[in-house]
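Remarks on the overall topology
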Amino acid sequence: MLTPTVSAPDMAHAAEHDHAHTAHPTKRYLLGIFDDPDVLLDAIEHVRGAGVKIHDVYTPFPIHGIDDVLGIARTRLPIAAFMFGCCGLSLGLFLQIYTLWADWPMIIGGKPHYSFPAFVPVCFELTVLCTAFGMVITFFLVSGLRPRVKTQVMDRRSTDDKFVMAIEQTASTNERHISDLLRQHGASEVNEKEIAVKH
């Protein structure tokens, strides 16, 4: 029985073909590294004022007022919290009314089956429970936070003592102009970073 042979060029071509199908598309970013949060806030204003779109800013600790400077709209998470709270309140009322009035009616201490003052503790606890769990789950889903084997990090120093401004590079991006703009407004260094995009 003959075994088919594959030449080295054919194997190389097959490997390149497989790599092209398995490799993830990438995005390139310009990273402005800053040493001071006040300098960073000032740079954000000037960069946005120059018409440059900032992808995100990474800091080792929360900076007061950075949301407003970046132009980030107010979160709608409180609306979700209110809806989850209403669900918890409705669940608490339904559970007690159905149990004590329809499923297993009992007279306790001469109270009517639908004694709403007695329902307050359970309703309160379920309202808080559903609001807390609902907000946490919603936050993780909206933020795209989920368990990963490997997390893409723009610059590891942003978890220590550096402040990183990331600007996505596109076909129309003037890299030299943006790099000069960042350095002009306090960036200690400007680097490039390529990130794999996973769908």
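Residues numbered from 1 in each chain as written. Predicted model: local features only at pLDDT ≥ 70, side-chain atom pairs only at ≥ 80, totals over all residues. Heavy atoms only, no water.

1. Here's the deal with the packing of aromatic side chains
Each aromatic ring pair is specified by the distance between its two centres and by the angle formed by the two planes. Applying the stated rule across the entire model yields four aromatic pairs. Centroid distance Phe61 to Phe163: 5.5 Å. Interplanar angle 85°. Geometry classified as edge-to-face. Here Phe61 is found in the loop between strand S2 (56–58) and helix H3 (66–70), whereas its partner Phe163 is found in strand S3 (residues 163–168), with 102 residues between them in sequence. Judged by its relative accessible area of 3%, Phe163 falls in the buried class. (Phe/Tyr/Trp six-rings, centres within 6.5 Å; stacked < 30°, edge-to-face > 60°. Helix = DSSP H or I, 4+ residues; strand = E, 2+ residues; numbered from the N terminus. Buried < 20%, exposed > 50% of the residue type's maximum accessible area, 1.4 Å probe, protein only.)

2. A closer look at the confidence of the model for the chain
Mean pLDDT over the chain works out to 85, with 87% of the residues at or above the 70 mark. Low pLDDT, under 50, characterises residues 1–22; the predicted model gives this stretch one contact beyond four residues in sequence or across chains. (pLDDT = per-residue confidence, 0-100. Contact = heavy atoms within 4.5 Å.)

3. Some thoughts on the side chain of Gln96
Assignment of secondary structure puts Gln96 in helix H4 (residues 77–103). Sequence-distant contacts of Gln96, that is, excluding residues within four places in its chain, are made with Trp101, Ala118, Phe119, Val122 and Cys123.

4. Some details on the sheet that holds strand S4 (residues 189–196)
Taken in spatial order, the four strands line up as S2-S3-S1-S4 in an open sheet, and their pairing is antiparallel. Where the open sheet ends on each side, the last strands, each with one partner, are S2 and S4. On average, each strand axis in the sheet is inclined to that of its neighbour by 30°, with strand direction left out of account. Pairing of S2 with S3, which is carried by three bridges, proceeds in the antiparallel orientation. When the bridges of S3 are listed, Tyr58 appears paired with Val164. Along the sheet, helix H2 (residues 37–49) contacts strand S1 (26–34), S2 and S3; its crossing angle with S3, the most-contacted strand, is approximately 20°. (Pairing = 2+ DSSP bridges. Axes fitted to C-alpha atoms, helices over the stretch in contact; angles between N-to-C directions.)

5. Concerning helix H6 (residues 175–184)
Those residues of H6 not exposed but buried are Ile178, Ser179, Leu181 and Leu182. Burial along H6 is one-sided: seen end-on, the buried residues are contained in an arc of 160°. Among the exposed residues of H6, those pointing more than 90 degrees away from its buried face are Arg176 and Gln184. Elements that come into contact with the buried residues of H6 comprise S1, H2, S3 and S4. (Arc of directions from axis to C-beta.)

6. Quick word on the packing of H4 against helix H5 (residues 116–143)
Running from amino to carboxyl end, H4 crosses H5 at an angle of 140°, the nearest separation of the two axes being 7 Å. Between H4 and H5 the crossing geometry is right-handed. Of the residues in the contact of H4 with H5, the class split is 18 nonpolar, eight polar and no charged. (Left-handed = near helix turned anticlockwise from the far one by under 90°. Nonpolar A, V, L, I, M, F, W, Y, C, P; charged D, E, K, R; others polar.)

7. Things to note about the nonpolar core
One finds Leu40, Ile44, Met165 and Leu182 to be the most contacted residues of the largest nonpolar core, which totals 22 residues. At the level of secondary structure, the elements contributing two or more residues to this core comprise S1, H2, H3, S3 and H6. With near-sequence residues (within four places) excluded, Met165 lies in contact with Leu30, Leu31, Gly32, Phe34, Leu40, Ala43, Ile44, Val47, Ile54, Asp56, Val57 and Leu182. Core analysis: the next-biggest nonpolar cluster, separate from the first, contains seven residues, Tyr29, Leu31, Ile33 and Val164 among them. (Core = buried A, V, L, I, M, F, W, Y, C linked by side-chain atoms within 4.5 Å.)

8. So, the pairing of S1
Pairing geometry for S1 and S4, over eight bridges, is antiparallel. Residue pairing for S4: Tyr29 is matched across the bridge by Lys193. Bridge count for S1 against S3 is six bridges, and the pairing is antiparallel. Note on S3: the bridge partner recorded for Tyr29 is Glu168.

9. Thoughts on the environment of Phe133
Positionally, Phe133 belongs in helix H5. On the basis of relative accessibility, which here comes to 53%, the residue Phe133 falls in the exposed class. Separated by 52 residues in sequence, Phe133 and Ala81 place their C-alpha atoms 9.4 Å apart.

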